[in-house]
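Residue-level listing of the chains:
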Amino acid sequence: MKKPGLIKPLYLTVALLVLAVLTGALISGCAPDGGNNGELVVYNARSETFVKPLLDQFEEETGIRVRILSGREELVNQIEEERNNVRADVFISNDAGAMEYLRRQNLLAPNDSPALENIDERFRASDGSWVGLSARARVLIYNKNLISEAEMPETLQELADPKWEGKFMITRGGNSSMVTHVAALREVWGDEETRSWLSALHQNAGAITGGHTDIRRAVGAGEYPFGLVNNYYYHLQLEEGQDNNVGAVYPDQSEGEMGAFVNVAGMALIDGAPNKENARIFIDWMLEDEQQFEFSYHSKETPLYPKIQAPEGAKEIDQYRALDINLTDLGPHWPDAKELIQESGLDLGI
Amino acid sequence: MPEKETACAENRIAYYRQAALENPSRFRLYIWRGNPPGFIPEALALVTALVMFIPILYVLVRGIQGGWERWLTLLDTRIPHLLWNTLSLTVVVSLAALLIGVAAAWLVTRTDLPGRKIWAWLLALPLVVPPYVGAISYIIVFGPQGLVRNLVGEAPFDIYSFGGVAAVLTMFTYPYVFLITSAALKRFNLNYEEAGRMAGLNHLQVFRKITLPLLRPAMGAGVLLVSLYALSDFGLVSMLRYTTFTTAIYFQMGSFDRLSAAVLSVVLILITLVILWLEYRTRSRQRFVQDAGTFRKPLPFSLGRWRLAGLLGLGAVVASALVLPLSVLVYWSYYGIARGALDGRFLEYTSHSLLTAGAAAIFCAVLALPLVYLKSRHPSPVSSFYEKLALAGYALPGVIIALGMVFIFNSYIPALYGTAVVLVLAYIIRFLPQAMQAESASLNQVSPRLDEAGRSLGYPPWQVISRIILPLIRPGILAGMALVFVSAVKELPATLLLRPPGMDTLAVRIWIEASEGFYDMAAPASLLIIIVSAVPLKWLINRF
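Residues numbered from 1 in each chain as written. Chains lettered and ligands numbered in written order. Predicted model: local features only at pLDDT ≥ 70, side-chain atom pairs only at ≥ 80, totals over all residues. Heavy atoms only, no water.

Digging into the packing of helix α5 (residues 78–110) of chain B against helix α9 (residues 162–171) of chain B
Residue and element names in this part refer to chain B.
For step 1, the next point in the chain: Interhelical geometry of α5 versus α9 gives an angle of 45 degrees and a closest axis separation of 9 Å. Taken together, the axes of α5 and α9 are oblique relative to one another. Between α5 and α9 the crossing geometry is right-handed. Contacts from S88, L89, V92, V93, A96, A97 and I100 of α5 reach α9 at F162, V165, A166, L169, T170 and M171.
For step 2, the next point in the chain: The class makeup of the residues in the contact of α5 with α9 is 11 nonpolar, 2 polar and no charged. (Axes fitted to C-alpha atoms, helices over the stretch in contact; angles between N-to-C directions. Helix = DSSP H or I, 4+ residues; strand = E, 2+ residues; numbered from the N terminus. Parallel < 35°, antiparallel > 145°, perpendicular 65-115°, else oblique. Left-handed = near helix turned anticlockwise from the far one by under 90°. Contact = heavy atoms within 4.5 Å. Nonpolar A, V, L, I, M, F, W, Y, C, P; charged D, E, K, R; others polar.)

The structure is reproduced here in structure tokens:
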């Protein structure tokens, strides 16, 4: 047997020191290194690929260290839960409904920065607490090998028709684009009709995915003829090296129809933000021309600031019939919309 | 002799009970069976055990308090569907893993298959591939937009189906059965089978009536691990778009409907308990003792013309559970690295993984010591009770532990909520039992006589611990740390739910990249996790 050695007091001291340092580092949230200008905590519900380059650039230009927490719409609830324990400074969202909901819950702080005036009043909160940057319309992406534009349904109502059973894809009910879309439909159709439409949609959908990327890829690959997505997913799929024979139908465009629903992506200033000054700096910075262009260019959304050119191939905001509804009106209906979705049998989760 | 000892112990217990009845101050002596530990080790063990158990208790309480209304709605809508999804997957994967594991174990231990030593290693290796990483490689190859489809025009089968999920999950869990069953087969005594042969049974009957029953305990232990894994897996099932209790709890928490998440957790905890109880029942009803005195190693079974079939079978398993994932990940890492996956951020994610997992490993090694020490040196109902409390987190899925942490920290300890402390504590709760197992295996080999020698030479108890016990069980401590470290690096659901902003780890990055479909960007991190996991493989395999 090996002769038992001695654990020297030195070892013990070192071990205790390591423990103490680790504990300290962990409590302080893992050593905020670099950046003498403080930090900025961004909760990001948008695809990270579109946001990260901008945040990196901001970090570089200002020396403010950006800490990002990427997720999906659950971040809305997280902000709500952390009401008495605020961690986030800025919330980047794909959904005006979610931001307006937060504002009405008194979770956002007003912002009077003149930079906000670049954006049309329709696309920002009355108190400036959130501001839209890019528009996103709800469209049907389809695979041209499987179905022609003429065969495609022209209205969303038609998706409830059994003839489309198993032919299309939707996202899970909790996807924030979906929730706000449903909130808008409720305004137009009323509860009953929306609920039965959702049930039929749930019945008919061939696949229910977590997000829209799955849908554009699957439709592009010919797994399903078409799917309900935001317009820019169509443009993203066009850019793919393969599986790119896709088209997009803006629904409900005929005379007398309601038009396609348009949502906006943007950013919101959190009430009680620990780094409020940095949050304001960030929002002003994002509203500069270059950043506005960047924000919508990579995701192929339509910029809301008229000076900025839309990406090639993307429809300008006035080129199609949009559902005439004020986005700020949707906030209060947001939780009801979720409830309605759950009642219809469509899961919020995957 | 054993009867005498038991009788002695019973007398002693009766004596202490009597003493405690007569004088309440003797109560402590009674519950510790006359051998109470010092105050400091007991306080440490007690606090650790409580901290390990409170979050789970809290989830249970909140779930039960969830309200009839919520229970009824959930029982009506979600639970039946989830029960069916979860149980069918658990049963199918357990059976498939049992079949593959036992067949492979028999082939490499009992037959004349060529290269059995190498096969044994290759078949155990998939243990280092985290199942969600394995799932990514299967999506890359067989997914609807995968490699196969690009080559032949359409995907050969639907990977996002029950069959797909079950097959992939089986591929990365069968090694549990394989390792435990091979270990049992290696200790197998030829005498029993020979007796059967002499009694006139043919090969098949011997296998059915003698070999199989003798293997039952090992198979049961393997299936237990597989089914507990299937119940708790989050990454693989969610990547393959399958809904079980864990994913439902995760998404319910995501929408911060914590009470519903707690209700679902209660059901999942019940299922886990039922499985543990079933295994305990089947195990305790059957007892086999193999007489070591007359041990004779069985002769290898000659496969004859079945040799090729055996080789092909094992080859297929190794190809799908090891070669395919590794080669796909290496190939894809190449693309990912060319696209700049290995930037400064990657280093940052790696350091976050190392820091959190390292902290968890160190804390686990330290915190396990008092518990293990009490259990080994002061055996009594009290020390077993502390141990059981501390083990509670072991069988339970990470989502439930994360749920408990969020409940407690957001409501009562807001200052720490949202820091890495919560994350590390979750790791400790989940993985402390691994450190305890490794350390107690080592400590049990150190005879208490050595402690006594130390004491009689004048060392106080703490010096006995630091000068005799700690140096002797160092290998166990290190092994425990390695196991905890690797488990924490791989951990996904609790990390996703508890990570502070800006502290993404490698596992989190894999999940984010994969959920956006950027598998090439997820590949380098996946490969790194596999390499890290391979480090304590020696200890991992020796555990069985």
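What about empty space enclosed by the protein?
For step 1, the next point in the chain: Under the counting rule described, the total for this entry stands at 6 cavities of 30 Å³ or more.
For step 2, the next point in the chain: Roughly 80 Å³ of volume is contained in the second largest cavity.
For step 3, the next point in the chain: Counting only elements with at least two residues in the lining of the second largest cavity, the list comes to α2 (48–62) and β2 (65–70) of chain A together with α17 (344–377) of chain B.
For step 4, the next point in the chain: Element by element, the count of residues in the lining of the second largest cavity is highest for β2 of chain A, at 4 residues.
For step 5, the next point in the chain: Partitioning the lining of the second largest cavity into residue classes produces 3 nonpolar, 1 polar and 7 charged. (1 Å grid on protein atoms, 1.4 Å probe; cavity = no way out; pocket = protein on both sides within 12 Å on 5 of 7 lines; lining within 4 Å. Points joined across faces, edges and corners; volume = space filled by probe spheres on them.)

Describing the interface of chain B and chain A
For step 1, the next point in the chain: In this assembly, 48 residues from chain B lie in contact with 47 residues from chain A.
For step 2, the next point in the chain: Of the roughly 4,400 Å² buried at the junction of chain B and chain A (both faces included), carbon and sulfur atoms supply 55%.
For step 3, the next point in the chain: The interface formed by chain B and chain A contains 5 salt bridges.
For step 4, the next point in the chain: Note that R509 of chain B is salt-bridged to E48 of chain A, the shortest N-O span being 2.5 Å.
For step 5, the next point in the chain: Linking chain B with chain A are 12 residue pairs in polar contact (both at pLDDT 80 or more), by the criterion used here.
For step 6, the next point in the chain: Of the residues in the side of chain B that touches chain A, the class split is 23 nonpolar, 13 polar and 12 charged. (Buried area = accessible area lost by both parts, 1.4 Å probe. Salt bridge = Lys/Arg side-chain N within 4 Å of Asp/Glu carboxyl O. Polar contact = N/O pair within 3.5 Å; in protein donor to acceptor, adjacent residues only side chain to side chain.)

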